[in-house]
Amino acid sequence: MSALKKPAPESEAHRIARLMRSPAEIMKPERLAAIQPSRISASRALMSRAVRQRWQILCKRFDIDAKGNGVAEYRIDIGGWRFSFPVYSFEPSPHGRTGRIIGRAWDMMGALVEGDMSERDFETTRAELPKLYEGRATPATLIWCRSNRSGRFFEGAKAALQAGRQPNVGELAQTCYLMRNTGLDGNGTFGTKSFLAYEADHPLRWSLAAQMLCAYMMRVFAQDLLAHLVRLEAPAAPQMAIELRRFLGVGNGSALGLMLFVNNHPRLIERWLFIREEAIARAKALTPDEAGSEIAKLLSLVDKAITFRSEDRVQYENVTRSDVVARELGVIRDAVANLLARWQSGSRFESEPFAELAASLECRVHAEAIETLHSLLIELVAEEADQLVEGLVIDEELTGRPEMPVARLREILRNDYAWAFGLDLDIESAKRYVWYKSVSAEEPRRGPAAEVGDNVNLGLDLPRLVVALDRDLAAADPTLSTARFLLAHPEHRAIATRVQALAGTGLHSPHADIMSAAFTPAHITRLLNVGIHGIDKTRDFLDRNLRGVLFHGAPVPEDIAAGSADDLWFYPSEPSL
C-alpha cells in the first residue's frame, strides 16, 4: 500500500488568481457602478507618485487683472523631466459658456507641454486653444484643457476673504471645488503627442496620468487665482486656510460619451479592472503580523470613510445616499474590530483573514460599502499597488488572427461571451434605444430607435453582434480559417477581430444590452468617473450625467515639495476653522 502524497503547496500566483473575482461577479453594470475610488484610480495614483517623488510645482508668472483676464505659467519638475503649464484666464461671461463640449468660452484654458516653453509657443498656444477643433497644438504638447469657475462658491469665498474672514466651510462643502473641468484632450487630438509616443522613462507614460496632472493644475490655478483676486482688492486680507485648500478639489462633469469610451477602449478597461482585482486579491492574501497592525490600519481607514460619508452634504438622486453607506460601513467596522480583537487574543482560525472578512460581508451590506472595503484593503499593499499602476501602458490596437479555425473562434465566443447568450435580446421596438450624436450639440445622445432610426447608431451592440457571429459560425465548416470565413461574411470582420484580440480577458465589456430601455447609462459613467478616475461625491442627473470632485483632500504643491504630504489624504474631514 503506497503512502498518500502530500498536495503540493499552492504557488503565490495560483493563490492570487484564486482570490480574484470572476467577470460574472463584477461585470454587471450595477456592480461596476458600485466600484469606489482607490489607490489604483488615476487621480490617486498620480498623487501617490507625486508625494513619493516630491514633485516641484512653481508659478513663474501670474499676470491677471482684477476681472480675471490675463495669463499665468507654471513649471513642473518631475525627477529629470520638466513640464510647462501655460494658463490663459478670462473674465467669466455667460455668452458661449457651458460645461458641455459645445462651449465656446471658458474661464480658463491651459496646456501641458514638455520642457520649458518658448514665448513663441506660449503665444501660439494662446491663439490656437480658443479655436478648439480647428486649432493645432505646438510640438511637445501633451494635453489641452479648459475649465470654468463655480461662480457662486468662488465669489462667496472671495468675498469672505476680502472681508477678513475664512470662507464658510459648510457652503463650500456642497460642491467641494472652486473650478470645474470642462475638457481634457490629448493622445493626438488637436496635434497633441500620442500616448504611445511617450518615451520609456516618461513620468506620465501610464494611462490617464497626463490628464490627471492637468486636472490637478486646474485646482492649483483656481486657488492661486482666488488668492490673487483677493489681494488686488484687499492687500491685508488673510490667505485661505491651508486645511481648506487641501479640502477643496477640482470639479468634473461627465455624460453619455463615457459609454462610447468604454466600447472603444476595451484594453484600457480590462487592464484597469484586472490590476484593481489583483491588488485586492494580494491584500486578501496577507497574513497580519502578531500585533495585527494591518487589521488596525484597516480599522482606522474604515473609521475615516465613515466620517467622510457622514459629513457628506451632497444631495443625491438615484445614487445611494452617503448616510446609508455610512451605516453600512458601520457594519463593516464592527466586523473588522471583531477580527482585530480575536487576532490579538490569539484566536486565529482563518488562513486568509482578510479574504474571509470580505466574503462574510458580501451579502450583508450594500455593494458600495463592500467596494469601499475593497478599496481600503488595497492600502495594505500600497507598494505592490503602485507597481501595478506602472503597467498601465497600453497599446489599444486590436489585431485579429486570420489563420484561426472557425471551431476555435466559436469556442472562444461561447466561453468569453456566455453572458451575451443569456440575455433576452428580442425586445420590442418601442423599448429599443440607439446611440447617436446631436447635430446641434455635438454630444452623444441616446434615444428610442423608433424616433431616431437605426442608421445612426454609434453604440456597440455587442451581445447581438456576438449572437449573429455565432449563428454564422455554427453553419460554417469548423476547419475553415477565419480569413476564409470572413471572405464569405465580411459583416463580421470587426466583431471577429475584437473577439480574437481580447480572447481570455474577461473584464473588458459590461455584461449588458446597452440598446435596451432598461439599461442605465449612469452605471458606466460612474465606473469611469468614480472607479477609474477617482472622483468623489458623484451626483447623478437623470441617470445620465454625473458631477463630482477630483483631488478632494489632496496635498497642495508645498506639501508635496516639502515631503510632508499625507499619503492617506483621501476621504478628508471637513476642516474646523
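In this report, the structure presented in the accompanying data block is examined. Small disclaimer: the values here were computed from a predicted structure and weren't measured.

When you go through the protein chain residue by residue, the secondary structure sums to 24 helices and eleven strands. Over its C-alpha trace the protein chain gives a radius of gyration of 25 Å, about what one expects of a compact globule, namely 25 Å for 577 residues. Judged by the C-alpha coordinates and their principal axes, the protein chain covers about 90 × 65 × 50 Å. Scored against the burial criterion, the 577 residues of the protein chain give a buried share of 55%. When the 70 positive and 76 negative side-chain charges of the protein chain are each reduced to one mean point, those points stand 1 Å apart.

To continue, consider the sheet that holds strand E7 (residues 249-254). Reading across the sheet, the nine strands line up as E1-E2-E3-E4-E5-E6-E7-E11-E10 and stay open at both edges, with mixed pairing between neighbours. Only two strands of the sheet have a single neighbouring strand rather than two, namely strand E1 (56-64) and strand E10 (536-541). Recorded for the sheet is a direction-independent mean angle of 25 degrees between the axes of neighbouring strands. The sheet contact formed by strand E3 (residues 81-89) and strand E4 (residues 108-114) spans five bridges and is antiparallel. Paired with Ser89 across the strands is Met108, a residue of E4. Docked against the sheet, helix H8 (residues 209-233) engages E1, strand E2 (70-78), E3, E4, strand E5 (141-149), strand E6 (177-186), E7 and strand E11 (545-550), running at close to 140 degrees with respect to E6.

Relative orientation of the contacting elements helix H10 (residues 257-264) and helix H23 (residues 521-533) amounts to 75 degrees, with a least axis distance of 8 Å. One finds that H10 runs roughly perpendicular with respect to H23. For the pair H10 and H23, contact is made by Leu258, Met259, Phe261 and Val262 and by Ile524, Thr525, Leu528 and Asn529, respectively. Residue composition of the contact of H10 with H23, by class: six nonpolar, two polar and no charged.

Another aspect to go through is the side chain of Lys193. Following the sequence through the fold, Lys193 ends up in the loop between E6 and H8. A distance of 3.2 Å separates polar atoms of two side chains, one belonging to Lys193 and the other to Glu199. Apart from the residues lying within four places of it in its own chain, the contact partners of Lys193 are Glu114, Thr141, Leu142, Asn187, Gly188, Tyr198 and Glu199.

Moving on: empty space enclosed by the protein. All chains considered together, the criterion is met by six cavities of 30 Å³ or more. Size it by volume and the largest cavity reaches roughly 120 Å³. For the largest cavity, the lining is made up of 17 residues, of which Gln36, Arg309, Asp536, Lys537 and Thr538 are closest to its centre. If you tally residues by element for the lining of the largest cavity, the top one is E10, at three residues. Broken down by class, the residue content of the lining of the largest cavity amounts to seven nonpolar, four polar and six charged. Here the second largest cavity defines a volume of roughly 80 Å³. Lining the second largest cavity we find 13 residues, and of these Met259, Asn263, Leu462, Ser509 and Pro510 sit closest to its centre. Those elements that provide at least two residues to the lining of the second largest cavity are H10 and helix H20 (462-474). By residue number, the principal contributor to the lining of the second largest cavity is H10, which donates three residues. Each residue belonging to the lining of the second largest cavity can be placed in one class, and the counts come to nine nonpolar, three polar and one charged.

What follows covers the pairing of E2. The buried fraction of E2 is high, at seven of nine residues. Looking at chain direction, E1 and E2 are connected through eight bridges and run antiparallel. Each residue of the ladder has a partner; that of Ile57, found in E2, is Ile76. Joining the antiparallel neighbours E1 and E2 is a turn of five residues, in which Gly68 adopts a positive phi near 105 degrees. Note: E2 against E3, nine bridges, orientation antiparallel.

The next point concerns the nonpolar core. As a rule of thumb, soluble globular proteins bury nonpolar side chains together. Ranked by size, the top nonpolar core spans 132 residues in total, and within it Tyr74, Phe85, Leu112, Leu204, Phe221 and Phe551 carry the most contacts. Top contributing element to this core by residue count: H8, with 16 residues. Each residue touching Leu112, except ones within four places of it in the same chain, is listed here: Ile76, Phe83, Ser84, Phe85, Ala140, Thr141, Leu142, Ile143, Leu204, Ala210, Leu213 and Cys214. Leu413, Tyr417, Ala420 and Leu462 belong to the second-largest nonpolar core, a separate cluster that totals 18 residues.

How each quantity is defined
Residues numbered from 1 in each chain as written. Predicted model: local features only at pLDDT ≥ 70, side-chain atom pairs only at ≥ 80, totals over all residues. Heavy atoms only, no water. Helix = DSSP H or I, 4+ residues; strand = E, 2+ residues; numbered from the N terminus. Rg over C-alpha atoms; globule rule 2.2 N^0.38 Å. Buried < 20%, exposed > 50% of the residue type's maximum accessible area, 1.4 Å probe, protein only. Lys, Arg positive; Asp, Glu negative; His and termini not counted. Charge placed at Lys NZ, Arg CZ, Asp CG, Glu CD. Pairing = 2+ DSSP bridges. Axes fitted to C-alpha atoms, helices over the stretch in contact; angles between N-to-C directions. Contact = heavy atoms within 4.5 Å. Parallel < 35°, antiparallel > 145°, perpendicular 65-115°, else oblique. Nonpolar A, V, L, I, M, F, W, Y, C, P; charged D, E, K, R; others polar. Polar contact = N/O pair within 3.5 Å; in protein donor to acceptor, adjacent residues only side chain to side chain. 1 Å grid on protein atoms, 1.4 Å probe; cavity = no way out; pocket = protein on both sides within 12 Å on 5 of 7 lines; lining within 4 Å. Points joined across faces, edges and corners; volume = space filled by probe spheres on them. Core = buried A, V, L, I, M, F, W, Y, C linked by side-chain atoms within 4.5 Å.

Coordinates in, geometry out; function isn't part of it.
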